[in-house]
Amino acid sequence: MNDTPARLLRLLSLLQTPREWPGSELAERLGVTDRTVRRDIDRLRELGYPVTATLGAAGGYRLAAGTAMPPLLVEDDEAVAIAVGLRAAAGSAVAGIEEASVRALAKVEQVLPAKLRRRVRVLAVALTPPTADGPTADPEVLATLAATVTNRERVRFAYRDEAGAETRRNTEPVGLVPARRRWYLVGYDLDRAGWRVYRVDRIDRPQPTAARFSPRALPAADAAAYVAGRRTDWGTPSFRLRVTIHTSADRVTGRLGESPGDVVAIEPDTCRIDARRDDAPEWLAHRLLALGADFEVHEPPELIAHLRAIADRAERAINPQHGPVT
């Protein structure tokens, strides 16, 4: 092999196999002399690959663990296995690995040839592991969104609300956040001129636009803080909302505002909201009633008064003889 870069890549691929490689065997595999192998080993070391050498009949060259992660070379079947594994990890509930899995998956799938991407999709469908109850995010959607976040690239997608109504969104994405066994995308919605938190399981057909953007000032320390409701642009809140709801936290999260950190599970069938809000009490009253679950409002008094007004109106609707309240 007279092409030095190609020979170095081939040599690196061989050394990544966990075994000792005698210099003579490497020379035979590469079709070069032992001296050329030694020079190529020195070149790899200069590039940061920790290649160790041992003497003796059983000795040879081995790629050892270093202080940093060097670039790796993988075969086609190995790349498919990595991508399938990352897809499974991205949708898992194992704390601490979901976000890293999505970033790694975006990098792997970006360089996979089309035929290998098809193999990954087929295997991912066939080998889907059991997951917890509730909606799950499509790893392919996650990988696409992760790439747009990394590239600071605007993205268009279809977004479904809780009733299933679909709208088109044009967004500047700034972060992907796993929270409460769901994935959320934080981005600036260009059509609505405001920051939004999108549930990834409700995002469909994301399309990178190739339009780059300079990140705006996020009104929170980071995307995770924004999703958790720790915003810095609330100013003086209109009121504090404290409600106990007799249903699971998963049923409430995402249906009363866009900050899943506001909802805290007390028991499997009871949760509590304790958060600063500037929503209209009328809107909150109708959202609480739409949950179809019993609840108790502790504050604010404006919300309690509005619910009483709704109750009086409902009473008059079913008992007209009571007449209007004066």
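In case you missed it, the structure is sitting above this.
Caption draft 1: Representation of the overall build of the protein. Helix and strand content of the protein: 11 helices and 11 strands. Across the 326 residues of the protein, 38% fall into the buried class. Within the protein, residue pairs in contact and separated by at least 24 positions form 58% of the contacts whose partners lie at least 6 positions apart.

Caption draft 2: Spatial organisation of the environment of V186. In this structure, V186 sits in strand β5 (residues 182-189). As for V186 and A224, which are separated by 38 residues in sequence, their C-alpha atoms are 8.6 Å apart. The residues touching V186, leaving out its near neighbours within four places in the chain, are E172, P173, V174, G175, W195, R196, V197, L218, A223, Y226 and V227.

Caption draft 3: Looking closely at the packing of aromatic side chains. All chains considered together, the criterion is met by 4 aromatic pairs. Note on Y159 and Y198: the rings are 5.2 Å apart at their centroids and 75 degrees apart in plane angle, and the pair reads as edge-to-face. Of the two residues, Y159 is situated in strand β3 (residues 153-160) and Y198 in strand β6 (residues 194-199); the sequence distance between them amounts to 39 residues. Across the pair, Y198 and Y159 agree in class, each one buried. With centroids separated by 5.4 Å and ring planes inclined at 80 degrees, the aromatic side chains of Y188 and W195 adopt a geometry described as edge-to-face. One aromatic cluster is present, built from ring pairs that chain together F157, Y159 and Y198. Positioned over the ring face of Y188 is R216, at 3.9 Å from the centre of the ring.

Caption draft 4: Summary view of the sheet that holds strand β9 (residues 263-267). Strand order across the open sheet formed by 4 strands is β9-β10-β8-β11, with antiparallel pairing between neighbours. The outermost strands of the open sheet, each flanked by one partner alone, are β9 and β11 (295-299). Neighbour-to-neighbour, the strand axes of this sheet turn through a mean angle of 20 degrees, independent of strand direction. Strand contacts of helix α10 (residues 281-290): β8 (239-245), β10 (270-277) and β11, with the helix running at about 10 degrees to β8, the strand carrying the most contacts.

Caption draft 5: Expanded view of the sheet that holds β5. Spatially, 5 strands are ordered β6-β5-β4-β3-β7 in an open sheet, and the strand pairing comes out antiparallel. The open sheet has two edge strands, β6 and β7 (203-212), and neither has a second partner. Pairwise comparison of adjacent strand axes, ignoring direction, gives a mean angle of 45 degrees for this sheet. Pairing of β5 with β6, which is carried by 6 bridges, proceeds in the antiparallel orientation. Bridging from a neighbouring strand, L185 pairs with Y198 of β6. On top of the sheet, helix α7 (residues 139-151) reaches β3, β4 (166-179), β5 and β7; it is set at about 20 degrees to β7, its chief contact.

Cut-offs and rules
- Within each chain, residue numbers correspond to sequence positions counted from 1 in written order.
- The predicted nature of this model means local features are confined to residues of pLDDT at least 70 and side-chain atom pairs, given and counted, to a pLDDT of 80 or more, with totals for whole chains, interfaces and linings taken over all residues.
- Hydrogens and water molecules were not included; the side-chain quantities draw on all heavy atoms of the structure.
- Secondary structure counts use DSSP, requiring at least four H or I residues in a row for a helix and at least two E residues in a row for a strand, with both numbered from the N terminus.
- Between buried and exposed lies partly exposed: a residue is buried under 20% and exposed over 50% of the maximum accessible area for its type, with that area taken using a 1.4 Å probe on protein chains only.
- Whether two residues are in contact is decided by their heavy atoms, any of which lying within 4.5 Å being enough.
- Only Phe, Tyr and Trp rings are paired, with Trp represented by its six-membered ring, and only when their centres lie within 6.5 Å; those with planes under 30 degrees apart are stacked, over 60 edge-to-face, the remainder tilted.
- Remark: a charge is flagged as sitting over a ring if the NZ atom of Lys or the CZ atom of Arg is within 6 Å of the ring centre and within 35 degrees of the ring normal.
- One bridge is not enough; two strands pair if DSSP finds at least two bridges between them.
- For every element, the axis is a line fit to its C-alpha atoms; helices are fit only across the contacting stretch, and the angle between N-to-C directions ranges from 0 to 180 degrees.

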